[in-house]
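# Understanding the architecture of this molecule
The lines below spell out each chain.
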Amino acid sequence: MKSFFSSFLVLLTVSFACAGEIIRIDTKDNSLVFKVQDQKLYQLWFGAKTGDKLAALPHGTAFPAYATFGTGEVNEVALRVTHADGNTSTELLFESVIKEESGPGIVQTRISLKDSFYPLRVDLVFKAYFAENIIEQWAEISHSEDGRVTLYNFASAQLSFKATSYWLTQLHGDWGNEMNLKESRLTEGIKIIDSKLGARATMYATPSFLLSLDAPGAETQGETIGASLAWPGSFQVALEVNRMQELRLLAGINPFASQYVLDKNELFKTPALLYTYTNGGRGQVSRNFHRWARKYGIRDGEKSRMTLLNNWEATYFDFNEEKLARIIRDAASLDLELFLLDDGWFGNKYPRNNDQAGLGDWQVNKKKLPNGIGFLVKESQKNNVRFGIWIEPEMVNPQSELYENHPEWVIAQPHRPPILFRNQLILDLANPEVQQFVFNAVDDLLRANPGIAYVKWDCNRFIQNGGSNYLPADKQSNLQIGYARGLLSVYEKVNKAHPGVQLMLCSGGGGRMEYGSLPYFHEYWPSDNTDAIQRIFIQWGGSMFFPAIASCNHVSTVPNHQTRRVTPLKLRFDVAMMGKMGMDLQPGQMSAEEFAFSKSAIATYKEIREVIFRGDLYRLESPCESNRASLMYVTEDKTRAIFFGFLLHRKVGEFLPGVKLQGLDPEKSYLVKEINMGPGKNSYLSTHGKVVNGSLMMTSGISLPLNNEYDSIVIELTAH
Ligand code: GLA
């Protein structure tokens, strides 16, 4: 994923069309195998490593590797185009395969296909991340026909399976209720998960999903495929079970209303589908994705992260220098490492005092902050706290100077009233001039204030009524793809210009949880819902694909602003600790006892955060299946682990058994210690302070002193 590797290509093998050729894409435990037959490319196998035993493959059928329309196909296809002369059929023949080492432990395989008549080419490209068992696949389509070719379907990847039953687990949600897991059995016909939103693409559905073969998905066992499309725009995942009970999986950009007009010699590169296979259930899928993400899928994934204090729920738009300076001092006295100034700091002619005005005018509001951002940076520095700032540069309020000056920059259809969402419009990032404006908004801010260490990049609306003033009439349907590409190019420029600034990916909560954007961001905001109980579910869903190091979890006040629920401060901290912890409240409003607890919790978190950031996640008890939830992070060498347990709901007469730990070294013994109890509190954990054998804790389990609703516990295990 990361561009660092694109310059590192060592040629391994090249071969040209030859009948019966076998092409093997291997990772440590998996194989994806293709075969060339009658000049066409077929998928022979995807699953556990085959080695050389191909003849014994149980799934004896060969499936088209990248099905095209017009060759007798009666099922959903990966590629459907209309050629320049109007012919709607495409027949792809194998031409060559090149294998290159594209980085340490990464082999790239490029299989080139070309149409049997037209000068149209499709390269299927696979990057195999050996140790992490992840395959990254995309397609590159180009032509030199006399005129334009229109692409109607253009999947990133096609995978086929033959099993007795197929179980799809999707992640869906909405604002404040992101990442719900839902499983269903696939029946004959097509199941589509998609987004048509263009921007904020993961708001309702997400392009990350799990597929279990032969039985419903389980955490620790079963053939399971996890896949995620790396794309910030509209996506489509189509799963078709045919009359032979075979499953064809197609994933890519959503072709809906997005047929792409491809000029002669223009390269159309699809986004990548990332996928993994395991017979170790969902837990292993997640660990594969997390390990891959820390190394390749998120920015600086192997570096640490800062605790922070955010003023959004503390002040909303209502702040001035004095209020913020107080919050900065409070952050410092809690030993938090960064202060994050949220929405409301900009706009003068149309001040940003609520969500109705100011977006687009990225000049500091002189009334609220007469001494500029510089004053706040200095206040932060004085207090030994870093400074971060919110921005939503893709957007504009009609009440703004930007809109007055550039009404033509918004996405809208002529002769139709503009459609507002959160009182705002979205800028047309397919337009290079707009891309430059968005880049400048961020770049100017960071250049003028070199003390800014962190940026929260928000996106609070999606594309509706998509029309572009920039694109010609015959390319209007390129808009959504142009937007997503424009956005990625701006991200890249910002990264290059400001390599030292950390970025948080936010989209009205978790509307952008995907691996197209995350290589440019250090972390993401999973939800505007900071209620500890609902967050357990949201973070649980997010953990299927995204590592804890990237999940920003904030401790907020009670009653919670989203659910009005009142939960103990300890629970709120314990939930926030399962990721990158921050706070989103006014410390000045806490009691002395709460302040002391917070300070000690922050100190505890700093001691254990590297285990959470870098450890392997084992989900033990799902909040979706029981009144108790638990999980643990274990370091790769299995010498340290952090366990989290929560009682979500108290039911009289319910006696929950001990919880069986996972991922420990059965040969090792561990010192068991309850932590984050707060100053002067005793532990009721029966194993607290004892040295216990790893195997025993994994087979017999440990009993948890969680008796009352919202009780929670954090346990540290250290190899003895
Ligand atoms: C979005 C974000 C919030 C906050 C507000 C500011 O909703 O998700 O965290 O930044 O915008 O308007």
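Here the structure is a predicted model, which is why all the values come from computation and not from measurement.

### Section: unusual backbone geometry
- A cis amide bond links V558 to the next residue, P559, at an omega of -10°.
- Tracing the sequence through the fold places P559 in the loop between β31 (552-556) and α9 (569-576).
- If you check the backbone angles, M179 has positive phi at about 60° while not being a glycine.
- The residue M179 is located in the loop between β13 (166-172) and β14 (180-185) in this model.
- Assessed through its relative accessible area of 4%, M179 is described here as buried.
- Residues other than glycine seldom take positive phi values, yet R564 does so here, at roughly 65°.
- Its location among the elements puts R564 in the loop between β31 and α9.

### Here's the deal with the site of the ligand
- Taken together, 13 residues sit near the ligand, with D342, D343, K456, D458 and D528 positioned nearest.
- Within the side chain of D342, a nitrogen or oxygen atom sits 2.6 Å from an oxygen atom of the ligand.
- A distance of 3.4 Å separates an oxygen atom of the ligand from a polar side-chain atom of W525.
- Within the complex, 96% of the 310 Å² of free accessible area of the ligand lies under protein.
- Partitioning the shell around the ligand into residue classes produces four nonpolar, three polar and six charged.

### So, the sheet that holds strand β35 (residues 640-647)
- With antiparallel pairing, six strands are arranged side by side in an open sheet as β33-β34-β35-β38-β36-β37. Bordering the open sheet on either side are β33 (616-621) and β37 (691-693), each of which pairs with just one other strand. Averaged over all pairs of adjacent strands, the angle between strand axes in this sheet comes to 25°, irrespective of strand direction.
- Pairing of strand β36 (residues 669-675) with strand β38 (residues 712-719) involves six bridges; the strand directions are antiparallel. Bridging across to β38, V672 finds its partner in L717.
- Each of β35, β36 and β38 is contacted by α9, which is oriented at about 50° to β38, the strand it contacts most.

### Section: the nonpolar core
- In terms of nonpolar packing, the biggest core is built from 185 residues, with L341 and W345 touching the most fellow members.
- At nine residues, the largest contribution of residues to this core is made by helix α7 (residues 479-497).
- Those residues in contact with W345 that lie beyond four places of it in its chain are F319, W362, Q363, V364, N365, L369, I373, I389, W390 and L445.
- Formed by 21 residues, the second largest nonpolar core is a distinct cluster that contains V634, L664, I702 and L717.

### Let's talk about the packing of helix α8 (residues 532-542) against α9
- Where α8 contacts α9, the two axes come as close as 9 Å, and the packing angle between them is 15°. Classed by the angle they form, the pair α8 and α9 counts as roughly parallel. As α8 runs across α9, the sense of the crossing is left-handed. Across from A532, I533, R535, I536 and Q539 in α8, the residues of α9 making contact are L571, R572 and V575.

### Quick notes on the confidence of the model for the protein
- Looking at the protein as a whole, its pLDDT mean stands at 96, while 97% of the residues score no less than 70.
- Confidence drops under pLDDT 50 across residues 2-6; counting only partners more than four residues distant or on other chains, this segment forms eleven contacts.

### Quick word on the packing of aromatic side chains
- By the definition in use, this model includes 32 aromatic pairs.
- Between Y129 and W292, the ring centres sit 5.8 Å apart and the planes meet at 80°, which makes this aromatic pair edge-to-face. With a gap of 163 residues between them, Y129 in strand β9 (residues 120-129) and W292 in helix α1 (residues 281-297) connect regions that are remote in the sequence.
- Residue Y129 is classed as buried on the basis of its relative accessible area of 0%.
- Taking the centre distance of 4.8 Å and the plane angle of 80° together, the rings of W312 and Y316 count as edge-to-face.
- Here the aromatic cluster, defined as three or more aromatic residues joined through ring pairs, consists of Y129, F289, W292, Y296, Y515, Y524, F545 and F546.
- Just above the ring of F319 sits the side chain of K368; from NZ or CZ to the centre is 4.7 Å.

Conventions and cut-offs
Residues numbered from 1 in each chain as written. Predicted model: local features only at pLDDT ≥ 70, side-chain atom pairs only at ≥ 80, totals over all residues. Heavy atoms only, no water. Helix = DSSP H or I, 4+ residues; strand = E, 2+ residues; numbered from the N terminus. Buried < 20%, exposed > 50% of the residue type's maximum accessible area, 1.4 Å probe, protein only. Near = heavy atom within 4 Å. Polar contact = N/O pair within 3.5 Å; in protein donor to acceptor, adjacent residues only side chain to side chain. Areas by Shrake-Rupley, 256 points an atom, 1.4 Å probe, with all protein chains shown as cover. Nonpolar A, V, L, I, M, F, W, Y, C, P; charged D, E, K, R; others polar. Pairing = 2+ DSSP bridges. Axes fitted to C-alpha atoms, helices over the stretch in contact; angles between N-to-C directions. Contact = heavy atoms within 4.5 Å. Core = buried A, V, L, I, M, F, W, Y, C linked by side-chain atoms within 4.5 Å. Parallel < 35°, antiparallel > 145°, perpendicular 65-115°, else oblique. Left-handed = near helix turned anticlockwise from the far one by under 90°. pLDDT = per-residue confidence, 0-100. Phe/Tyr/Trp six-rings, centres within 6.5 Å; stacked < 30°, edge-to-face > 60°. Lys NZ or Arg CZ within 6 Å of the ring centre and 35° of its normal.

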